[in-house]
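Structure assessment
This is what each chain is made of:
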Amino acid sequence: MSADVRPIAASELPDWLRTVNTGFLTASGVTQSDVAQRREHTDLARTRGAFDTGTGRCVGALRSFAQRLTVPGGADVTASAVTNVGVLPTHRRQGLLTRMMAAELTAARDRGDVLSTLIAAEYPIYGRYGYGPAASLREWEIDVPRTGLDPRRPVPADGGRIELVDAAQARLIGPGLHERLRAVTHGAVDRDARWWSLATGLESVSHRPYQEKFFAVHRTADGEPAGLVAYRADGHWTDAKVPLNTVQVTDLIALTPESERALWHFLCSVDWVLKVRTGPRAPDDLVDQLLPDPRAARTVTAADFLWVRLLDVVRALEARTYAVPGELVLEVTDAAGLADGRYRLTAGAGADTGSGAARCERTDAPAGLRLDVSALGSLYLGDESAVRLAALGRITELRPGAVALADVLLRTARRPWCPDVF
């Protein structure tokens, strides 16, 4: 089968969207409303399709959009976020995804993006294109009666208060809170106005209709918003009229541990609620330790989440900060030829750029480590261990002590977290 891989035309959007829906098993049809909504929020120049040259039908799809990713130290970098990736089941294993990814990554590098990101639906696929799992998630289910919390006293210990708000108020308060959280959370990405429209019901998509939510704000003692939670309940009762409701958290932003404690305590104090599902959280989130009995929080999901693919190694490594000073020469291999080369990373005092900052430059000096660009992506946000990757054969130590140095240079005290699916 031969296929033409290229950005789509406006007239091809319905066919492209049908391919996306089929690949994700969400719907087989496409409405005029679906197409109109997509057209308004889609950059066609960054929307690629694979078209069967025999039938002219779109059989593969991929889209990207501009994103800001927070890196260790609080700076953010330009990222090309890849999404809506799929190939029809009739055209798999014919190299179409490889061609679409090659075109997208080359275009992203030429645009000047520092890296590319995605959420991998299937684990084995994206390492082939230089992505590495860089941030993971964890979800808990809280058994409310076992927590040891007193549901009669959900008043925040910091002197603040919990206030129920409507969707319109959540749209006003939420964006500012999220930006403040993103500034101190490496792995977090920006949210645009449409994200908040979809999250609060101002807008919805046909295959994912909006479900009504409750919103609660934690305000500090001086009345300033410090946290926001969105949640819904399942309304489950037994035949004997005993309430066994489960609350599902869809988003929780807390700027301080005190705010996080107040919001979880509030959720565990709601009448008729037996269990609270936390939704995806950071893998080292505080939620279980904020309960008098941490065993009341049972892990129900622990998985990889955000994947990172470096395109500009120099800018990427200079953007983040490092806990200790040190110098390391990395030999990066990249089958696509986008990021391969030898790089000298100088962190700390020797970088002459300020405490914790770094300088990175291409070099001919002997390398201390050899690693694929996908392994560097896994290390970039500070979650993965260089020692672990070396044990797995994904890093080769060329100079004694280089793996240990990479571990202390690149690891972060708190694990990265991306709160958003995209």
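Residues numbered from 1 in each chain as written. Predicted model: local features only at pLDDT ≥ 70, side-chain atom pairs only at ≥ 80, totals over all residues. Heavy atoms only, no water.

1. Regarding the overall build of the chain
Of regular secondary structure, the chain possesses ten helices and 17 strands. In terms of overall size, the chain behaves like a compact globule, its C-alpha atoms giving a radius of gyration of 23 Å where 422 residues would be expected to give roughly 22 Å. Across the 422 residues of the chain, 50% fall into the buried class. Here the analysis covers contacts within the chain between residues at least 6 apart in sequence; of these, 70% occur between residues at least 24 apart. Element-wise, carbon and sulfur atoms account for 52% of the exposed surface of the chain, whose accessible area totals about 19100 Å². Both charge centroids of the chain, one from 50 positive and one from 52 negative side chains, sit 3 Å from each other. (Helix = DSSP H or I, 4+ residues; strand = E, 2+ residues; numbered from the N terminus. Rg over C-alpha atoms; globule rule 2.2 N^0.38 Å. Buried < 20%, exposed > 50% of the residue type's maximum accessible area, 1.4 Å probe, protein only. Contact = heavy atoms within 4.5 Å. Areas by Shrake-Rupley, 256 points an atom, 1.4 Å probe, with all protein chains shown as cover. Lys, Arg positive; Asp, Glu negative; His and termini not counted. Charge placed at Lys NZ, Arg CZ, Asp CG, Glu CD.)

2. What to know about the nonpolar core
Counting 46 residues, the largest nonpolar core has Val308 and Tyr380 as its most contacted members. Residues in contact with Tyr380, not counting those within four places in the same chain, are Val71, Pro72, Val77, Leu115, Val308, Leu310, Ala316, Leu317, Ala319 and Arg320. In this structure, Val5, Leu88, Met100 and Leu118 belong to the second largest nonpolar core, which totals 24 residues. (Core = buried A, V, L, I, M, F, W, Y, C linked by side-chain atoms within 4.5 Å.)

3. A closer look at the pairing of strand E12 (residues 297-310)
Each regular strand displays side chains that alternate between the two surfaces of the sheet. Across five bridges, strand E5 (residues 115-119) lies against E12 in antiparallel orientation. Bridge pairing in E12 links Ile119 to Leu306. Pairing of strand E6 (residues 132-143) with E12, which is carried by ten bridges, proceeds in the antiparallel orientation. Along E12, the bridge assignment pairs Glu139 with Thr301. (Pairing = 2+ DSSP bridges.)

4. Considering the pattern of salt bridges
Scanning the entire structure with this criterion turns up 31 salt bridges. The salt bridge partner of Arg111 is Glu104, with a shortest N-O separation of 3.5 Å. Overall, the relative accessible area of 0% leaves Glu104 in the buried class. Each of Glu139, Glu141, Lys275, Arg277 and Arg298 takes part in a single network of salt bridges with overlapping partners. (Salt bridge = Lys/Arg side-chain N within 4 Å of Asp/Glu carboxyl O.)

5. With respect to the side chain of Ser374
For Ser374, the location among the structural elements is in helix H8 (residues 373-380). Side-chain polar atoms of Ser374 contact the side chain of Arg394, separated by 3.5 Å. Leaving out residues up to four positions away in the same chain, Ser374 has contacts with Gly127, Gly130, Tyr131, Gly132 and Arg394. (Polar contact = N/O pair within 3.5 Å; in protein donor to acceptor, adjacent residues only side chain to side chain.)

6. A few points about the pairing of strand E11 (residues 273-277)
Sheet topology note: the E6/E11 ladder contains three bridges and is antiparallel. Its bridge partner being in E11, Glu141 is matched across the sheet by Arg277. Following the chain from strand E10 (residues 245-254) across helix H6 (residues 257-267) to the adjacent parallel E11, one finds a crossover that is right-handed. (Right-handed = clockwise from strand over helix to strand, strands pointing away.)

7. Focus on the packing of helix H1 (residues 13-23) against helix H2 (residues 32-41)
Two numbers describe how H1 lies on H2: the axes approach to 10 Å, and their chain directions differ by 100 degrees. It follows that H1 is roughly perpendicular to H2 by the angle criterion. Taken together, the residues of H2 that come into contact with H1 (itself represented by Leu13, Pro14, Trp16 and Leu17) are Asp34, Val35, Arg38 and Arg39. A per-class count over the contact of H1 with H2 returns five nonpolar, no polar and three charged. (Axes fitted to C-alpha atoms, helices over the stretch in contact; angles between N-to-C directions. Parallel < 35°, antiparallel > 145°, perpendicular 65-115°, else oblique. Nonpolar A, V, L, I, M, F, W, Y, C, P; charged D, E, K, R; others polar.)

8. Regarding the sheet that holds strand E17 (residues 395-397)
Spatial ordering of the open sheet is given by E15-E14-E13-E16-E17, a layout of five strands whose pairing is mixed. Looking at strand neighbours, the two that pair on one side only are strand E15 (358-362) and E17, the edges of this open sheet. Taken over all neighbouring pairs, the strand axes of this sheet differ in orientation by 25 degrees on average, direction set aside. Taken together, the seven bridges between strand E13 (residues 326-333) and strand E14 (residues 341-347) define a ladder with antiparallel strand orientation. Among the inter-strand pairings, Val329 is bridged to a residue of E14, identified as Arg344. On the sheet, helix H10 (residues 402-410) packs against E13, E14, strand E16 (369-372) and E17 and is oriented at approximately 105 degrees with respect to E13.

9. Comments concerning the layout of surface pockets
Within this model, the second largest pocket holds a volume of roughly 400 Å³. Looking at the second largest pocket, it is lined by 19 residues, and the ones nearest its centre are Leu181, Val184, Thr185, Ala254 and Arg414. Of all the elements in the fold, those that place two or more residues in the lining of the second largest pocket are E10 and H6. Here the lining of the second largest pocket gets three residues from one element, more than from any other, and that element is E10. Within the lining of the second largest pocket, the residues separate by chemical class into ten nonpolar, three polar and six charged. (1 Å grid on protein atoms, 1.4 Å probe; cavity = no way out; pocket = protein on both sides within 12 Å on 5 of 7 lines; lining within 4 Å. Points joined across faces, edges and corners; volume = space filled by probe spheres on them.)

10. Focus on the sheet that holds strand E3 (residues 58-70)
The strand order across the open sheet built from twelve strands is E1-E2-E3-E4-E5-E12-E6-E11-E10-E9-E8-E7, with neighbouring strands paired in mixed fashion. Both outer strands of the open sheet, strand E1 (3-7) and strand E7 (161-165), are each paired with one neighbouring strand and no more. Between one strand axis and the next, the sheet turns by 25 degrees as a mean value, whatever way the strands run.

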